[in-house]
Amino acid sequence: MAISCSYYLEPVDTRDLPGRFLEAFAAILAHSSYAPVLDAAARAGARCGRCTVACPVHQASGEARDIPCNRTELVLAVYRRYFTLGGMVRARLGNAFTLDEGHISRMAEDLYRCTACRRCKLECPFGIDHGLITHFGRWVLAEVGIIPKALRVAVREQLEGKTHNTSAIPAAALRDTCAFLEEDCRDTHAIDVRFPIDEQGAEFVFFPAVSDYLLEPDTLTGNAAVLTATGASWTIGSQYFDGINYGLFYSDRMLDRIVSLEAAELKRLGARRILIGECGHASRAAKAFVKTFCGGRDAPEVVNIMEYTADVLRRGLLHLRPGTIEERVTYHDPCNIARSGWIVEQPREILRTICSDFVDMTPKGRENYCCGGGGGSVSIDEIRPFRTKVGGAAKAEQIRRTGATTVVAPCANCKKQLREVCDDNGLGHVKVVGLHDLVLLAIDAPASMRVAAGPKEGA
Amino acid sequence: MLTFKHGTIEIVVDEDGFMQEPEKWNEDVAKALATTEGVEELTPDHWKLVHYLRNYFLQFGVAPMIRKLCKETGFDLKKVYALFPSGPAKGACKVAGLAKPTGCV
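Residues numbered from 1 in each chain as written. Chains lettered and ligands numbered in written order. Predicted model: local features only at pLDDT ≥ 70, side-chain atom pairs only at ≥ 80, totals over all residues. Heavy atoms only, no water.

Honestly, the sheet that holds strand E8 (residues 431–433) of chain A in this entry has me stumped. Any pointers?
All names here are of chain A. Across the sheet, which stays open at both edges, the four strands sit in the order E6-E5-E7-E8 with parallel pairing between neighbours. In this open sheet, the two edge strands, each paired with only one partner strand, are strand E6 (358–359) and E8. Here two bridges tie strand E5 (residues 329–331) to E6, and the two strands are oriented parallel to one another. Note that in E6 the partner of threonine 330 across the bridge is valine 359. Strand contacts of helix H20 (residues 412–424): strand E7 (406–408) and E8, with the helix running at about 175° to E8, the strand carrying the most contacts. (Pairing = 2+ DSSP bridges. Helix = DSSP H or I, 4+ residues; strand = E, 2+ residues; numbered from the N terminus. Contact = heavy atoms within 4.5 Å. Axes fitted to C-alpha atoms, helices over the stretch in contact; angles between N-to-C directions.)

As structure tokens, then:
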């Protein structure tokens, strides 16, 4: 029997799959801190269903398997039977749950219907973090070779490929793109921005979602404009320049190896702080796990570009023209930076400054709805109808209600997903942009950055 | 391993029909791949886009930033979608023999 699920898989070795799954489960429990998490969840095990009202996937699909505590139960059933005394005793008495390929197949499908938005955690009276348990289950699946191909191929290139990034961009192409962006900004906005590469001893090394170098010229140029205008000491590293970390979605082992690449590039360049671009999961992966895996108290500090921009705006170092953006704008909170309350107000401060018609969605901030493409699912093209019509249904309705024509989504994952959500839900007139795309339009650049009008040749 | 056959053309592709061996690309392969994108005939504008992508790929090993593609071919995004309905990454790049873009693309 082969594993069947709705995303592409590389060939899975199915010999003694349940046995190998249990071996991986045991190894992870032995070498991590997940055992107490599973133990507490297994003891509570109430399945009261309060989470049904929190989960946007369940709200749209109506399917029982999409209720967060049912999803958690898939993992806990294995834990109880094979890793608790009671489970082992009950198995001797007969009629116990037995792990088989069918159960593994179900986990492969159902754990990837979750977008890891962790909204359900807000509702659970037992404090069970269903997102964490789904993450654990995905990690065990990954150890037996069950990983969506889109994630696996990207991480393989990032860790073992020639380019060391998820979009396979060679360093020469990065340099070409940065030079193009500098030129394009002069032509379009008549300001000089710089994309410094490999400058030793800079304060920040900048890691955006690497896909921005293919898709998001205005986000990147806006980032560079703020940094240039405020005299920041920053650089891009040519040996490692990708903020993306799909390890956050399926494997702590990969998560560790990927954040370690960021820390190593910082060390190579003699830099002090990690600056993450507009990307939710890249920010959370670095913020939460550089400390865990790269030096504890001595680990470098992690800053998101929106924190930086809000800070220089408050301190009067950055000048933005109030009311530059006149159309109605709303803001989408990426789950990975908003659920914890880390980045909620900073982007709104910036938007209220530059937009004359800013409206919020309801709910928002820590209680926001996911774009529907979280947890790595946005990279899986083959599940687009599920992502946009089920996972993104609540978000589409929220956007519609604001009447906004521009949605600011400061995250590469959310942006890609929301463009598809808008296209597939009759919101084709809505533009989805990054925060710094708008900052770029509103920046009142210092004279030193302004390019004189008219042809430059002559002299 | 999946293969795509069209007339005398036979190439190895992934699940979405992207070439797995980009070095085997030639104009006849491009014509064959274009049929999978609903493009029956490659006009001079199609070729301009395909050759630009192909040459950039040969020089840099990856597709160019989409804005650079637009600026250097003189085609806006709307025109690119008119030529290749699945868009620059999934349509034009496929016909130009590039591998499927990975990551958040």
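Let us keep going from here.
I would appreciate a short explanation of a nonpolar patch on the surface in the present structure.
Taken together, the side chains of Leu85, Val89 and Leu93 of chain A define a hydrophobic patch exposed on the protein surface, amounting to about 350 Å² of accessible area. As for its placement among the helices and strands, leucine 93 of chain A is situated in the loop between helix H5 (85–92) and helix H6 (101–110). (Patch = residues over 30% accessible without salt bridge, like charges linked within 9 Å, V, L, I, M, F, W, Y side chains within 5 Å. Areas by Shrake-Rupley, 256 points an atom, 1.4 Å probe, with all protein chains shown as cover. Salt bridge = Lys/Arg side-chain N within 4 Å of Asp/Glu carboxyl O.)

Explain the nonpolar core here, please?
Proteins that are soluble and globular tend to have nonpolar side chains buried together. The biggest cluster of nonpolar side chains holds 94 residues, and the ones touching the most others in it are Tyr213 and Ile236 of chain A. The greatest single-element share of this core, amounting to eight residues, is contributed by helix H2 (residues 44–60) of chain B. Domain assignment of the residues forming this core places at least three in each of domain 2 (160–314) and domain 3 (329–442) of chain A. Formed by 90 residues, the second largest nonpolar core is a distinct cluster that contains Tyr79, Leu111, Val140 and Cys422 of chain A. (Core = buried A, V, L, I, M, F, W, Y, C linked by side-chain atoms within 4.5 Å. Buried < 20%, exposed > 50% of the residue type's maximum accessible area, 1.4 Å probe, protein only. Domains from an automatic or database assignment.)

What's the story with the sheet that holds strand E3 (residues 273–276) of chain A in this structure? I'm lost.
Strand pairing in a sheet is mediated by backbone hydrogen bonds. Such pairs are either parallel or antiparallel. All names here are of chain A. Read across the sheet, four strands follow the order E2-E1-E3-E4 without closing on themselves; strand pairing throughout is parallel. Each of the sheet's edge strands pairs with one partner strand only, and the pair in question is strand E2 (234–235) and strand E4 (301–304). Bridge count between E3 and E4: four bridges; the pairing is parallel. Residue leucine 275 lies in a different strand from E4, and its bridge partner there is valine 303. The sheet strands contacting helix H14 (residues 280–293) are E3 and E4, and the helix crosses E4 at an angle near 160°.

Teacher, can you tell me more about helix H21 (residues 435–442) of chain A here?
A turn of α-helix holds 3.6 residues, and therefore any two residues three or four places apart point the same way. In terms of burial, H21 of chain A is largely enclosed, as seven of its eight residues are buried. The complete set of buried residues in H21 of chain A reads Leu435, His436, Asp437, Leu438, Val439, Leu440 and Ala442 of chain A.

Sorry, what's going on with the pairing of E3 of chain A here?
Side-chain positions along a regular strand alternate between the two faces of the sheet. Residues and elements named next belong to chain A. Where burial is concerned, the two faces of E3 agree: the one with Arg273 and Leu275 and the one with Ile274 and Ile276 are both buried. Bridge count for strand E1 (residues 204–207) against E3 is four bridges, and the pairing is parallel. Across the sheet, residue phenylalanine 204 finds its bridge partner in E3, namely arginine 273. Viewed along the sheet, the connection from E3 through H14 into E4 turns out right-handed. (Right-handed = clockwise from strand over helix to strand, strands pointing away.)

What am I meant to see in the interface of chain B and chain A here?
Bring the parts together and some accessible area is lost; that lost area is often taken as the interface size. Taken residue by residue, the interface counts 20 residues in chain B and 33 residues in chain A. For the pair chain B and chain A, the two sides together bury roughly 2300 Å², of which 57% comes from carbon and sulfur. Interface area lost by chain B to chain A is led by Met65, Arg67 and Cys104 of chain B, which between them contribute 33%. Here chain B and chain A share eight salt bridges between them. Its salt-bridge partner being aspartate 381 of chain A, residue lysine 90 of chain B comes within 3.0 Å of it at the nearest N-O pair. Applying the counting rule to chain B against chain A returns 16 residue pairs in polar contact (both at pLDDT 80 or more). No other element matches the four residues that helix H3 (residues 66–73) of chain B contributes to the side of chain B that touches chain A. Of the residues that constitute the side of chain B that touches chain A, the class distribution is nine nonpolar, three polar and eight charged. (Buried area = accessible area lost by both parts, 1.4 Å probe. Polar contact = N/O pair within 3.5 Å; in protein donor to acceptor, adjacent residues only side chain to side chain. Nonpolar A, V, L, I, M, F, W, Y, C, P; charged D, E, K, R; others polar.)

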